[in-house]
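Geometric and topological summary
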Amino acid sequence: MVVISTEPDRFQKLEALSTMATDDVLGRPDPVSQFRRDLRPASDGRTYRDPYSRPEKNPMPGIYKASIPGGGTIPLMRTMFTDFCMMDCHFCPNSHWVPRRRFAYKVDELAKTFAEMAERQMVNGLFLSSGIMGSGASRTTQKMVETVEAIRKRHKFTGYIHLKVMPGTSQDIVEAAHRLGTRLSVNIETPTDPGLQQLSPMKDLKRGILDQMSWIDRMAKAKTGETVGQATQMIVGAAEESDADILGRITQLYGDWRLKRVYYVPFRPVRYTPMEEHTPTPSEREYRLYQMDWLKRVYRFENSEIGLAFDSRGLLDLDQDPKTVIALENPEMFPVDINSADLPTLLRTPGIGPISADRIMRQRRRFTISSWQDLKTMGVVPKKARGFVVMPGHRPEPARQLRLELLGHTEPRSSVDLVDVKREATKSSGVSSAPKPTGAHGDCAGRDSCAGCPMFGSPGHPGGSPLSVGSPTVREKVLA
Ligand code: SF4
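Here goes a summary of the coordinates provided. (Residues numbered from 1 in each chain as written. Predicted model: local features only at pLDDT ≥ 70, side-chain atom pairs only at ≥ 80, totals over all residues.)

Let us now look at the nonpolar core. In this structure, Phe 91, Leu 126, Val 148, Leu 163, Ala 177, Val 262 and Ala 309 are the most contacted members of the largest nonpolar core, which totals 103 residues. When residues in this core are grouped by element, the largest group, eight residues, is from helix α7 (residues 205–222). When residues are assigned to domains, this core turns out to be shared by domain 1 (3–280) and domain 2 (335–395), each giving three or more. Beyond its immediate stretch of four places on either side in the chain, Ala 177 contacts Thr 141, Val 145, Leu 163, Val 165 and Leu 184. (Core = buried A, V, L, I, M, F, W, Y, C linked by C-beta atoms within 7 Å. Buried ≥ 20, exposed ≤ 12 C-beta atoms within 10 Å, placed from the backbone. Helix = DSSP H or I, 4+ residues; strand = E, 2+ residues; numbered from the N terminus. Domains from an automatic or database assignment. Contact = placed C-beta atoms within 7 Å.)

Structure representation (structure tokens):
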């Protein structure tokens, strides 16, 4: 039985409600070190990250140290307005399936708590999420907007506020949220409509999520409020989605509605929910998706290049960095002359990122780069780049040899294990290994764009994934 309690004091509520807010706040500028810190080895040898508890990032209840673009962190108050939810999402610890005590703030109570913490300089911003109260999505979002309004107007706070918009919120309330929140987000949860039906039967992808996203984008373009960007979140591995489906959807979202970020949360089974027996998603899959997201968003890889990173089932290789997989699929592009290659070529070279590429471009005007030590001081990762660059005194092995050597050096498991990893990844994501059907989809007739189409990614949809599902991975070819 679910019990909502408003009796505890506001600090008890803060403690309870802050742990239930997920972590899609601000940026994650250094995903590699971030993930290394967060990963926890489990008894099955895999690594998992608990998306609902990150003690090392929570010095005290309600305070979350969020990474900011360009480095550093800022303390945010991260909380839910209520952890009661009338919805039936099969993966969620706040859904009505889970019998536990629930809490809810009152508007003034939360505004005052935040203002006091901000005054004491304990926090510099707010991340406010919520479950959907019995009165509905619009009413819940309205309560959150009233809280933010009190914080902005009564307590004169002008800093960062990330406000979740509940799926299904009406346009006038979204407009009110847009006037006050620095960042808004509507959780899409999964890339396809069939997937959402499976995970959250009470949600409507088109009318409850995509419409709200398009309104936010329109308002942000018109600059009628505070909002400077929107974000969304996907639960990975819970529905019938492949990595290609996810990347297909986010390509569309980044392109059409200029989303700032997509956050990937690996599925974890929650007791009492219909998915409590479902296989958890390994954190490696989440990590690979963040890497792929960076290739798309920061490195500006073309979709045709990104498609090379997927295997025939549309899955990323869990054992290999996708940038390296793509490079190995393009042997004619390498080795790259570090002293003459253009910027896009440098960015496509494993071990070289945007900052190190920029440093290489500037430094080689002054001198000829000829040592790994020089490259290392510019931020290059020699271990990754060694097989792909040429400079005075260094020439890598021929490409085919290089492929085999790289695979041989980095092979952590036997070929049998590898097949098991792939099979389990497929099982956990529910992806069928059968080829996807193609052909025209009736609902698409006359559409200019896939933006806003709830059928995007569903079987038979010609825009099922703008990313071509790539050829088998290099590793699979070699093993074959
Ligand atoms: S609407 Fe949100 S909080 Fe409610 S059950 Fe679904 S995912 Fe959980």
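Structure's up, so let's keep going.
This part covers the site of the ligand. In the region of the ligand, the neighbouring residues are Cys 85, Met 87, Cys 89, Cys 92, Asn 94, Ser 95, Gly 131, Ile 132 and Ser 200. Each residue belonging to the shell around the ligand can be placed in one class, and the counts come to five nonpolar, four polar and no charged. (Near = placed C-beta within 6 Å. Nonpolar A, V, L, I, M, F, W, Y, C, P; charged D, E, K, R; others polar.)

Across the junction of Phe 334 and Pro 335, the peptide omega takes the value 5 degrees, indicating a cis bond. Within the element layout of this structure, Pro 335 appears in the loop between α11 (322–328) and β12 (336–337). With phi around 60 degrees, Arg 300 is a residue other than glycine that occupies positive phi space. Mapped onto the elements, Arg 300 comes out in the loop between α9 (283–297) and α10 (303–306).

As a further point, take the packing of helix α4 (residues 137–154) against helix α5 (residues 171–180). Following both chains from N to C, one finds α4 and α5 inclined at 25 degrees, their axes separated by 9 Å at the closest point. The orientation of α4 with respect to α5, classified from their angle, is roughly parallel. As for how α4 packs across α5, the hand of that crossing is left-handed. The segment α4 lies against α5, with Ser 138, Thr 141, Gln 142, Val 145, Val 148, Glu 149 and Arg 152 engaging Ile 173, Ala 176, Ala 177 and Leu 180. Looking at the contact of α4 with α5 residue by residue, the class counts come to six nonpolar, three polar and two charged. (Axes fitted to C-alpha atoms, helices over the stretch in contact; angles between N-to-C directions. Parallel < 35°, antiparallel > 145°, perpendicular 65-115°, else oblique. Left-handed = near helix turned anticlockwise from the far one by under 90°.)

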